[in-house]
Amino acid sequence: MPSDLVFAPLGGFGEIGMNLSIYGFGDSRRRQWIIVDCGVSFASEEHLPGVDLILPDISYLIEERKNILGLVLTHAHEDHMGAIMDLWPRLKVPFYATPFSAALFEARRASEPGAPEIPANVVPAGGHLSLGPFEIDFINVAHSIPESNALAIRTPAGTVVHTGDWKIDPTPIVGGPTDAARLTALGDAGVLALIGDSTNAVREGRSPSEADVAKTLAELIRTAPRRVAVTTFASHVGRLRAVADAARAAEREVVVVGRAMERVVQVARETGHLQGVQDFRGVESYGYLPPDKVLALCTGSQGEPRAALSRIAQDEHPDVTLSRGDRVIFSARPIPGNEKAISRVINGLVEQGVEVITDRTHLVHVSGHPRRDELRDMIGWVRPKILIPAHGEALHLAEHADLARKAGVPHVLICRNGDLVRLAAGGPEIIDEVRSGRLYKDGALLVSAESKTVAARRRLSFAGIVTVALALSEKGVLAADPEVELIGLPETDAGGASMTEIARDAVEIAFDALPKPRRRDPDAVAEAVRRGVRSAIAERWKKKPICYVHVLTV
Ligand SMILES: [Zn+2]
Ligand SMILES: [Zn+2]
């Protein structure tokens, strides 16, 4: 077909995080592309030791670079924006974002030493963008960060609504509610496909409003006997505003603690999202304010060890301390994988006699994603011919698909990262596969998830390593005592025998067991010694270490 409209996710389908989708128009030889979002996932320490972030593999986009018209950002959450800094230099395509997202991106970039210049083209909130055959409208949706947008992507082959992250919140504190009128108008004009947020597709009903959370926070802050600290996601400006309003009503000064939150507050003030909110005080004034006149707004809601609240919980923060009778409110929910880190922080606070309030007992947090009744409303407004569930793990995608079928959407397709889908009025079809995968941010470098680096590190983390160095003469005689070193192994076995000695004996036994002519072959010696050491240690330990044998011929 000459005017094919295709779609492919390169991240975020079958997982929550690392969102990156592409849309292509034109026949396969002259296809032009737009990219929607370019986010990261966060690695949990145990599973991927030493890895900070997970990014989508964009080798396919690098190949297609000349045909890419632009990268469009729906909103400034890290799972949508966080990979741009590392990946954009490989693409250098025009980058488009609304004012708050562009300013927050720039502030993040500027805070990173040596980060490349990445110019953002600013599209006004609710604005429009023409990129070749794509006419893109930004439609306001409520979420947990200012200026979240659904994108209506109009092409000669039909209109796609890409929801981004959204919920229905009639009273969202910051920004307008989800623009039902515009979405309904799109539905009236005819929508080919809806690519939609599935995060909360397993939850019945509707999400509570930010205004409900604000009420609870105000009550908890008003009744606090001494100091109050609130932690939430730094980028959740609506929540920051709710806390600031509650503090003002309770005659408390707000002190912002943590760089990420300072940055967001500054960007939100510059872009008009904190209009009318009182000035906050610098962290250095915390100690001078009476306990019932101060509120600390802290980073660290996910238990991040270097964030403000973790340091406060360990009593290691230079300016901010809490003590018996103070109240800490966790106005956030754990992102899966962070539960242990958060427990550590909570336990640290409880041990200091601090009262900790979480969403287990109070409505101090709501999700920014739509529950099932909200998903049904979106389908009712847009009335798509095709629905493809996005932004979810397998279960979320399946539940969203099932709901869509029951709501009467004619064609529902579940697809995964790397599927190339043709969107046509007669129904979508997976026509090809494009390269997809993961990259790990490892220190300053990006490594492929398929490389052996991280797998080897994981093995090292539970089995330790033995290195053996042998000096071998040309005649196949050991020229010196073998050097044996153990890293990460128990020092002795159950009977108290030294593991180093056990390894050393195993080296000699393995070497002596080799027939004389074989002893002249360094590879044969290395392999025999390796096997001997591993099995001798495994016999005592019931675990096999990694073993490296270096044979030097002298
Ligand atoms: Zn998201
Ligand atoms: Zn989001």
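Here, every reference points to the structure presented above.
Reading the values: the criteria
In this numbering scheme, every chain counts its residues from 1 along its sequence in written order. As a convention, the first chain written is A and the first ligand written is 1, with the rest following in written order. Two thresholds apply to this predicted model, a pLDDT of at least 70 for residue-level local features and 80 or more for giving and counting side-chain atom pairs, whereas whole-chain, interface and lining totals are computed over all residues. Hydrogens are left out, water is left out, and the side-chain values use all remaining heavy atoms of the structure. Helix numbering and strand numbering both begin at the N terminus, where a helix is a DSSP run of H or I of at least 4 residues and a strand a DSSP run of E of at least 2. Whether a residue is buried, partly exposed or exposed follows from its accessible area with a 1.4 Å probe, protein chains only, as a fraction of its type maximum: under 20%, in between, or over 50%, in that order. Here a residue-residue contact requires only that any non-hydrogen atoms of the pair lie within 4.5 Å. When charges are counted, Lys and Arg are positive and Asp and Glu negative, with His and the chain ends excluded. Working definition for charges: the position is that of NZ of Lys, CZ of Arg, CG of Asp or CD of Glu. Coordination shells were defined by N, O and S atoms within 2.8 Å of each metal, extended to 3.2 Å for Na, K and Ca; water is absent from the atom set, which can make sites look incomplete. Geometry is assigned from the angles between donors: four donors with all angles from 85 to 135 degrees make a tetrahedral site, four or six donors whose opposite pairs exceed 155 degrees while the rest stay between 65 and 115 make square planar or octahedral sites respectively, and everything else is labelled irregular. One fewer than the residue count of a helix, multiplied by 1.5 Å, yields its expected span. Within this analysis, the arc is defined by the directions that extend from the helix axis to the C-beta atoms. Definition of a polar contact: a pair of N or O atoms within 3.5 Å, with one able to donate and the other able to accept a hydrogen when the atoms are protein atoms, and with sequence-neighbouring residues admitted only if both atoms are side-chain atoms. In this scheme, patches are assembled from residues that exceed 30% relative accessible area and form no salt bridge. Like charges are connected within 9 Å, while nonpolar side chains (Val, Leu, Ile, Met, Phe, Trp, Tyr) are connected within 5 Å. Surface exposure here means Shrake-Rupley accessible area, sampled with a 1.4 Å probe, where a residue is shielded only by the protein chains that are shown. Any Lys or Arg side-chain nitrogen located within 4 Å of an Asp or Glu carboxyl oxygen qualifies as a salt bridge. For every element, the axis is a line fit to its C-alpha atoms; helices are fit only across the contacting stretch, and the angle between N-to-C directions ranges from 0 to 180 degrees. Rotating anticlockwise by less than a right angle from the far helix to the near helix defines a left-handed crossing, while the corresponding clockwise rotation defines a right-handed one. Nonpolar residues are Ala, Val, Leu, Ile, Met, Phe, Trp, Tyr, Cys and Pro. Charged residues are Asp, Glu, Lys and Arg, and all others, Gly as well, are polar.

Asks: What is the right way to read the overall build of the chain from this model?
Replies: Within the chain, the regular secondary structure consists of 15 helices and 27 strands. Its C-alpha atoms put the chain at 85 × 70 × 45 Å along the principal axes. Going through the 554 residues of the chain one by one, you find that 54% of them count as buried. Taking contacts inside the chain between residues at least 6 apart in sequence as the whole, the part at least 24 apart equals 71%. Across the chain, the mean location of the 64 positive side-chain charges is 2 Å away from that of the 71 negative side-chain charges.

Asks: For this particular structure, what's the right way to read the coordination of the zinc ion (ligand 2)?
Replies: Metal coordination angles in their ideal form are 109.5 degrees for the four-donor tetrahedron and 90 or 180 degrees for the six-donor octahedron. Within the protein, the zinc ion (ligand 2) binds to His75 (NE2), His77 (ND1), His143 (NE2) and Asp165 (OD); these donor distances fall in the range 2.1 to 2.3 Å. Seen from the zinc ion (ligand 2), its 4 donor atoms lie at angles of 92 to 163°, and the figure they make is irregular. Linear spacing of the donor residues for the zinc ion (ligand 2) on their chain is H-x1-H-x65-H-x21-D.

Asks: Any chance you could explain helix H14 (residues 499–513) here in plain terms?
Replies: Each α-helix turn comprises 3.6 residues. Residues three or four places apart therefore point the same way. If you check H14, its first and last C-alpha atoms are 21 Å apart, about what 15 residues at 1.5 Å a residue would give, namely 21 Å. Within H14, burial applies to Met499, Ile502, Ala503, Ala506, Val507, Ala510 and Phe511. Angular distribution of buried residues about the axis of H14 spans 165°; they occupy a single face of the element. The exposed set on the far side of H14, more than 90 degrees from its buried face, consists of Ile509 and Asp512. Where H14 begins, the capping side chain belongs to Ser498, and its oxygen is found 3.2 Å from the backbone nitrogen of Thr500.

Asks: Would you mind showing me how to read a negative patch on the surface here?
Replies: Taken together, the side chains of Asp481, Glu483, Glu485, Asp505, Glu508 and Asp512 present a region of like negative charge at the surface. Taken together, the elements giving at least two residues each to the negative patch come down to strand E26 (483–487) and H14. Take Asp512: it is sitting in helix H14. Owing to a relative accessible area of 52%, Asp512 belongs among the exposed residues under this scheme.

Asks: How do you make sense of the packing of helix H4 (residues 99–110) against helix H8 (residues 259–270) when you look at a structure like this?
Replies: The axes of two packed helices give the description: the angle between them and the distance between them. It is at 10 Å that the axes of H4 and H8 come closest, and there the two elements cross at 145°. The hand of the H4/H8 crossing is right-handed. In contact with Phe100, Ala103, Leu104, Ala107 and Arg108 of H4, H8 contributes Arg263, Val264, Val267 and Ala268. Residue composition of the contact of H4 with H8, by class: 7 nonpolar, no polar and 2 charged.

Asks: Help me out: how do you make sense of the environment of Lys92 in this one?
Replies: Positionally, Lys92 belongs in the loop between helix H3 (84–91) and strand E7 (95–97). Its relative accessible area of 60% is what places Lys92 among the exposed residues. When the C-alpha positions of Lys92 and Val51 are compared, they lie 25 Å apart, and in sequence the two are 41 residues distant.

Asks: Looking at this structure, I do not really get the side chain of His80. What am I missing?
Replies: Its location among the elements puts His80 in helix H2 (residues 78–81). Among the polar contacts made by the side chain of His80, one reaches the side chain of Asn19 at a distance of 3.3 Å. Non-local contacts of His80, meaning those with residues more than four positions away in its chain, are made with Asn19, Asp37, Cys38, Gly39, Leu73, Thr74, His75, Asp165 and His391.

Asks: Looking at this structure, how should I read the coordination of the zinc ion (ligand 1)?
Replies: Looking at the zinc ion (ligand 1), one finds its protein donor set to be Asp79 (OD), His80 (NE2), Asp165 (OD) and His391 (NE2), positioned 2.1 to 2.2 Å from the metal centre. Each of the 4 donor atoms bound to the zinc ion (ligand 1) contributes to angles spanning 87 to 160°, and the resulting shape is irregular. In the primary structure, the donors to the zinc ion (ligand 1) are separated according to the pattern D-H-x84-D-x225-H. Here the zinc ion (ligand 1) and the zinc ion (ligand 2) are spaced 3.5 Å apart, and both take Asp165 as a donor. Taken together, the residues Asp79 in helix H2 and His391 in the loop between strand E19 (386–390) and helix H12 (394–406) connect sequence positions 312 residues apart. Taking the relative accessible area as the measure of exposure, His391 reaches 4% and is therefore buried.

Asks: Looking at this structure, I do not really get the pattern of salt bridges. What am I missing?
Replies: When charged atoms on two side chains of opposite charge get close, those side chains can pair. Counted under the stated rule, the structure contains 31 salt bridges. For Lys441, the salt bridge is made with Asp86, and the minimal N-O distance between the two is 3.2 Å. Taken as a pair, Lys441 in strand E23 (residues 438–442) and Asp86 in helix H3 lie far apart in primary sequence, 355 residues in all. Since its relative accessible area comes to 15%, Lys441 is described here as buried.

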